[in-house]
There are 2 protein chains.
Amino acid sequence: MADTGSASVSGRAATLSDVAKLAGVSIATASKAINGRDQVAPATRRRVIAAAEKISFTPNELARGLINGRTGTVGLLTSDLEGRFVIPILMGAEDAFGAGKVNVFLCDARGDSIREQHHLKALLTRRVDGIIVVGRQTDPRPSLGHDIPVPVVYAYAPSEDPADLSLTPDNRAGGRLAAEHMIACGRTRIGLISGDPAYAAAQDRAVGVREALSAAGLELVDAPMHSDWTEHWGRDASAMLLRRNPDVDGIICGSDQVARGVLDTLRDLGRNVPGDVAVMGFDNWEIFATGSRPELTSIDANLQKLGRTAATRVFEALEGIDIGSGTQYLPVRLIIRGSTIPRR
Amino acid sequence: MADTGSASVSGRAATLSDVAKLAGVSIATASKAINGRDQVAPATRRRVIAAAEKISFTPNELARGLINGRTGTVGLLTSDLEGRFVIPILMGAEDAFGAGKVNVFLCDARGDSIREQHHLKALLTRRVDGIIVVGRQTDPRPSLGHDIPVPVVYAYAPSEDPADLSLTPDNRAGGRLAAEHMIACGRTRIGLISGDPAYAAAQDRAVGVREALSAAGLELVDAPMHSDWTEHWGRDASAMLLRRNPDVDGIICGSDQVARGVLDTLRDLGRNVPGDVAVMGFDNWEIFATGSRPELTSIDANLQKLGRTAATRVFEALEGIDIGSGTQYLPVRLIIRGSTIPRR
DNA sequence: GAAACTACCGAAATGCTTTTCGGTACGGTA
DNA sequence: TACCGTACCGAAAAGCATTTCGGTAGTTTC
């Protein structure tokens, strides 16, 4: 009943020696013919390739990896439950090479360092060529250590150890970008509602905002407001902010969720966005940013590029290239939507 | 500079023969000692294990896979860009075994069947033990075919081919569950606002809703409304629905996003939720469902369990157990929040 | 004291591919 | 005719762990 489709040999997958036998050559010749090595007569090569196709032979990557020491696999070790950051990074890593050239083991440690160790060990046992560690926040995280026989790159969450290479979005530049955009939109009485102050992201973004404001001779209308990264907090905080500063004309939020909450409150209070008050989010979480009324201007961390860069660094390190160390801050970009510029 | 931490041998990773040499035994004995086989004197075993630990030996899973034919890896082939469904399924698959026992290759085909073929080939080349195919909608998708030498299970999106095994959430039961809950909340004038009618999910859920209503001697106050799975549509549709049927007291939505839009409009119109109108979502996308005012009652597809089941089936098939075929509908569950029951 | 076990250990094959290097056959040259 | 170069091909080792099976030493039994 099985295998009616292809002319596959007996039970198991076809091996190189099957091909060789069918083509009437040695295993060595078959290998050379298939891999485009020279030292093979054209006619022989054709015969081998035909045989290989006939039994739909695919080389066993395990055996191959055993020889050349490269498996063409990368481990992605994450604690990003939501998959919010890890998926674009994964896609970027896949893009760094052709589809199918490199495969990615995705391991979710769920914030548990024991589980992380298990996964790490499993990855090394599988002889991955490298490891990318993805955190769910931009706060520095403990290093995996340096007795790891393959290159390790930290993405999004940098490593605490400056000897590691870390890639993280430039939140401070993001803050500046946000404030500069507000100013460019003619706003001068700007408030800042962000998330958990224990997060580096909250701090860095706030610093950037203040830098840009003071560069323009401005300052925040009120102290930055910090609490959760939630819509609830956005609603509550904006109500407070407006009560104390009714003349606010721009609110920069620490995340798109917070911004959604802010939009809700502004609507309840009858304030027009962006007419009376312009609002910006952070992270550019599409589904959130484009579902709101009006759609949210936001700062995008370009995570896919970050993933691509991380994967590239891993393989550069394998080539023996020095990829450097320390934390590198990757550029972010401004995505303009209706919450700061009236619809066209 | 390198390898200051562990006492690793020379440059490369430790191999079994390193252990054997250090312990003064043969490779065979070292293998038996480490793997708990008998035929090894206790003292010898201790000596080998000590040696293995000293040079932090980890068996090469590639070589191991070459022998016993099992690699302990599974391929997860998806087109779920958002990672909305694939991440819980991935976590479930990991859970099906201990952390690190099985590793998962995650491949994103991005809706491109060419890319899917590439990934599939790469996975087979890596000798995965099985493949789980995850779609981003519950509509049947083309089968990968049957000339695949490893078990394949379709998750979320079932296969068009009844010879394949597919696991998908029971949307029809979900629709019934939703309607029954509405009825239990005392609602009798119930509307249905769903998403793209081309989606099986939209149809199945609608069928379930109608079944439960007619079982209770009720029917929908208006024809089901279908368009996009967006907040925008939820807002527009609910405005229409209420204009035509001002006495509506319950709205079942095809997704949490649609429900968010519905909540927005109800708020604008001054209707109290759940006092005047109860609202339900679908999918239980936490971040959406808990960020709203009030929080959304929703139907949860229990995707993590679905992933666990899919992985279990794959390995059962490997054990030679008949896992059956056709589409199996997995139970969903009701998550009650403030949008149908007033806060306690 | 010789025969029969028992308990351990090791050589070698296995799984699959790649690569090196030695070998064969052919045509050409002296 | 004898020798050499070239073009192909194949045997074998390497890469790593597992398993089978044969062998050695020590112990027991008659």
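Worth saying up front: this structure is predicted, and the values here are computed from it rather than measured. (Residues numbered from 1 in each chain as written. Chains lettered and ligands numbered in written order. Predicted model: local features only at pLDDT ≥ 70, side-chain atom pairs only at ≥ 80, totals over all residues.)

Section: the protein's contact with DNA strand C
Residues in close proximity to DNA strand C total 26 residues, the closest being Leu16, Ala28 and Ala63 of chain A together with Ser26 and Ala28 of chain B. Among the elements of the structure, α1 (16–23), α2 (27–34) and α4 (61–68) of chain A together with α2 (27–34) and α4 (61–68) of chain B are those that each provide at least two residues to the surface near DNA strand C. By residue number, the principal contributor to the surface near DNA strand C is α2 of chain A, which donates four residues. The class makeup of the residues in the surface near DNA strand C is 14 nonpolar, nine polar and three charged. (Near = placed C-beta within 6 Å. Helix = DSSP H or I, 4+ residues; strand = E, 2+ residues; numbered from the N terminus. Nonpolar A, V, L, I, M, F, W, Y, C, P; charged D, E, K, R; others polar.)

A closer look at the packing of helix α1 (residues 16–23) of chain B against α2 of chain B
Residues and elements named next belong to chain B. Remark: α1 packs on α2, axes separated minimally by 8 Å, with the N-to-C direction vectors making an angle of 100°. With respect to α2, the element α1 is oriented roughly perpendicular. Here Leu16, Ser17, Val19, Ala20 and Ala23 of α1 lie close against α2, whose contacting residues are Ile27, Ala30 and Ser31. Classifying every residue of the contact of α1 with α2 by side-chain character gives six nonpolar, two polar and no charged. (Axes fitted to C-alpha atoms, helices over the stretch in contact; angles between N-to-C directions. Parallel < 35°, antiparallel > 145°, perpendicular 65-115°, else oblique. Contact = placed C-beta atoms within 7 Å.)

Description of the sheet that holds strand β8 (residues 278–280) of chain A
Residues and elements named next belong to chain A. Taken together, three strands build an open sheet; the order of strands is β6-β7-β8 and the sheet is parallel. Here the strands that pair on one side only, and so sit at the sheet edges, are β6 (190–193) and β8. Within this sheet the neighbouring strands show an average axis-to-axis angle of 15°, counted without direction. Strand direction decides the pairing type here: strand β7 (residues 250–253) and β8, joined by three bridges, are parallel. Among the inter-strand pairings, Gly250 is bridged to a residue of β8, identified as Ala278. (Pairing = 2+ DSSP bridges.)

Some thoughts on the interface of chain A and chain B
Listed per partner, the contact involves 45 residues of chain A and 45 residues of chain B. Mapped onto the side of chain A that touches chain B, the elements with two or more residues apiece are α4, α5 (86–95), β2 (103–108), α6 (113–125) and α10 (256–268) of chain A. Sort the elements by how many residues they give to the side of chain A that touches chain B and α6 of chain A lands first, with seven residues. Tallied by class, the residues present in the side of chain A that touches chain B amount to 16 nonpolar, 18 polar and eleven charged.

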